[in-house]
Amino acid sequence: QQQQQQQPQRPQQQQQRMEMLGLHGQPQPQPRQQPAVVFFYSTGTLNPDLSGMSGAYPFVFDPTFLATNEAFEALGENRRWLRAAGGVRFRTREHFFAFAKAMLAGAPAVAYGLLQGSPFAAKRATGRRGLQGLDTARWDAVSDYLVFRAAFMQATQNSGLARRLLGTGGAVLAEAGPDVGGAGWAIGFDAEQAAHVPREHWRANRHGDALMRARAALRDGEPAWGRERRPPRLLPDGAVDTDDVYD
């Protein structure tokens with residue numbers, strides 16, 4: 001466990017990328033108008049509550065949005081298994097992500113088995129080489145949306161996370177660390193390196209983008225998909241209004 005809490009080391013390929021970009025050495029100036037950045041790691045001690053591995057904000061899956069989201073229509077029969085999972089409790093976003101991937105691969109037994117282990121085990125078990133039957137093109141079409149929905153469900157069910165996200169204001173939320181498998185979930189640099197790298201050289205930061213979308217939905221009242229609870233609002237005194245109000 002102590003090893004899991006250590007921040008990711010700087011892989012050699014990250015150092016090589018910095019050298020190729022001519023960024024190794026002195027910090028690169030950032031335009032003043034760019035917003036601040038809140039970095040977090042998938043595993044580590046920097047803002048661990050924002051990590052998808054964090055168990056601080058368990059949540060219950062509400063499949064309402066599946067009925068009105070066109071991207072899920074293309075998943076065909078496997079979509080019904082995910083819909084049937086309404087009411088399942090997830091300890092982490094990573095558990096939900098791995099569970100959804102297994103469900104959409106047509107492996108419900110695998111999906112439910114993942115809930116018993118750690119989020120690290122769930123992630124390993126559903127890697128692209130470890131999960132049979134997954135249509136990767138279709139999965140890629142919905143995976144960003146699923147991470148956003150997981151974060152949004154967490155925040156609407158945990159006022160602590162709602163306060164945490166809203167408290168970051170307009171800052172960029174970025175998952176620091178290597179871009180494992182080239183999937184673009186992280187920025188490809190650790191937090192210290194990223195301070196020396198212009199943001200246009202970061203990788204896609206898909207996880208950070210999902211959290212920022214959830215924050216925007218909390219802050220601006222983004223229209224809901226289907227009939228679901230309106231997101232909580234941050235009150236002037238810092239409390240969170242979680243009254244059950246429906247659109």
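These numbers come from a predicted model, not from an experiment.

Rules used throughout
- Residues numbered from 1 in each chain as written.
- Predicted model: local features only at pLDDT ≥ 70, side-chain atom pairs only at ≥ 80, totals over all residues.
- Heavy atoms only, no water.
- Salt bridge = Lys/Arg side-chain N within 4 Å of Asp/Glu carboxyl O.
- Buried < 20%, exposed > 50% of the residue type's maximum accessible area, 1.4 Å probe, protein only.
- Helix = DSSP H or I, 4+ residues; strand = E, 2+ residues; numbered from the N terminus.
- Phe/Tyr/Trp six-rings, centres within 6.5 Å; stacked < 30°, edge-to-face > 60°.
- Lys NZ or Arg CZ within 6 Å of the ring centre and 35° of its normal.
- Axes fitted to C-alpha atoms, helices over the stretch in contact; angles between N-to-C directions.
- Parallel < 35°, antiparallel > 145°, perpendicular 65-115°, else oblique.
- Left-handed = near helix turned anticlockwise from the far one by under 90°.
- Contact = heavy atoms within 4.5 Å.
- Nonpolar A, V, L, I, M, F, W, Y, C, P; charged D, E, K, R; others polar.
- Pairing = 2+ DSSP bridges.
- Expected span 1.5 Å × (residues − 1).
- Core = buried A, V, L, I, M, F, W, Y, C linked by side-chain atoms within 4.5 Å.

## Structural notes on the pattern of salt bridges
Summed over all chains, the structure comprises five salt bridges. As a salt-bridge pair, Asp135 and Arg138 come within 3.7 Å of each other at their nearest N and O atoms. Given the relative accessible area of 38%, Asp135 is considered partly exposed. Between Asp144 and Arg206 there is a salt bridge; the shortest N-O distance is 2.9 Å. Taken as a pair, Asp144 in helix H6 (residues 136-157) and Arg206 in helix H9 (residues 206-220) lie far apart in primary sequence, 62 residues in all.

## Some remarks on the packing of aromatic side chains
Tallied over the entire structure, the rule returns 11 aromatic pairs. Taking the centre distance of 5.9 Å and the plane angle of 55° together, the rings of Phe39 and Trp202 count as tilted. A residue pair is termed long-range when its members are at least 10 positions apart, and Phe39 in strand E1 (residues 37-41) and Trp202 in the loop between helix H8 (191-194) and H9 qualify at 163 residues. Of the two residues, Phe39 and Trp202, neither departs from the other in class, the shared state being buried. Taken together through their ring pairs, the aromatic side chains of Phe59, Phe61, Phe90, Phe96, Phe99 and Tyr112 make up a single cluster. The ring of Trp185 is capped by Arg206, whose NZ or CZ atom sits 3.9 Å from the centre of that ring. The cationic tip of Arg213 hangs over the ring face of Phe148; the distance from NZ or CZ to the ring centre is 4.2 Å.

## Focus on the packing of H6 against H9
At a minimum axis distance of 8 Å, the contact between H6 and H9 shows a crossing angle of 45°. With respect to their mutual orientation, H6 and H9 come out oblique. Between H6 and H9 lies a crossing of right-handed hand. Of the residues in H9, those touching H6 at Ser143, Asp144, Tyr145, Val147, Phe148, Ala151, Phe152 and Ala155 are Arg206, His207, Ala210, Leu211, Arg213, Ala214, Ala217 and Leu218. Classifying every residue of the contact of H6 with H9 gives 11 nonpolar, two polar and three charged.

## Describing the pairing of strand E4 (residues 172-176)
Most of E4 sits inside the fold, with five of its five residues counted as buried. Side chains of E4 alternate between two faces, with Val172, Ala174 and Ala176 and Leu173 and Glu175 buried alike. Looking at chain direction, E1 and E4 are connected through five bridges and run parallel. Considered in E4, the bridge of Phe39 is made with Ala174.

## Quick look at the environment of Pro58
Locating Pro58 in the fold gives a position in the loop between E1 and strand E2 (59-60). Residue classification places Pro58 among the partly exposed residues on the basis of a relative accessible area of 23%. Remark: the alpha-carbon pair of Pro58 and Phe90, spanning 32 residues in sequence, is separated by 5.6 Å. Sequence-distant contacts of Pro58, defined by excluding residues within four places in its chain, comprise Arg89, Phe90, Arg91 and Asn158.

## Brief notes about H9
Each α-helix turn comprises 3.6 residues. Residues three or four places apart therefore point the same way. The terminal C-alpha atoms of H9 lie 21 Å apart, and with 15 residues this matches the ideal 21 Å at 1.5 Å per residue to within 8%. What H9 keeps buried is the set Arg206, His207, Gly208, Ala210, Leu211, Met212, Ala214, Arg215, Ala217 and Leu218. After H9 finishes, the residue Gly221 shows a positive phi value of roughly 65°.

## Considerations on the nonpolar core
Counting residues in hydrophobic clusters, the biggest one holds 62 residues, and the most contacted among them are Phe61, Leu82, Leu146 and Trp202. Those elements that provide at least two residues to this core are E1, helix H3 (93-104), helix H4 (108-114), H6, helix H7 (159-166), E4, H8 and H9. Broken down by element, the residue count for this core peaks at 11 residues, all from H6. Not counting chain neighbours up to four residues away, the residues in contact with Trp202 comprise Val37, Phe39, Val172, Ala174, Ile187, Phe189, Ala194 and Val197.

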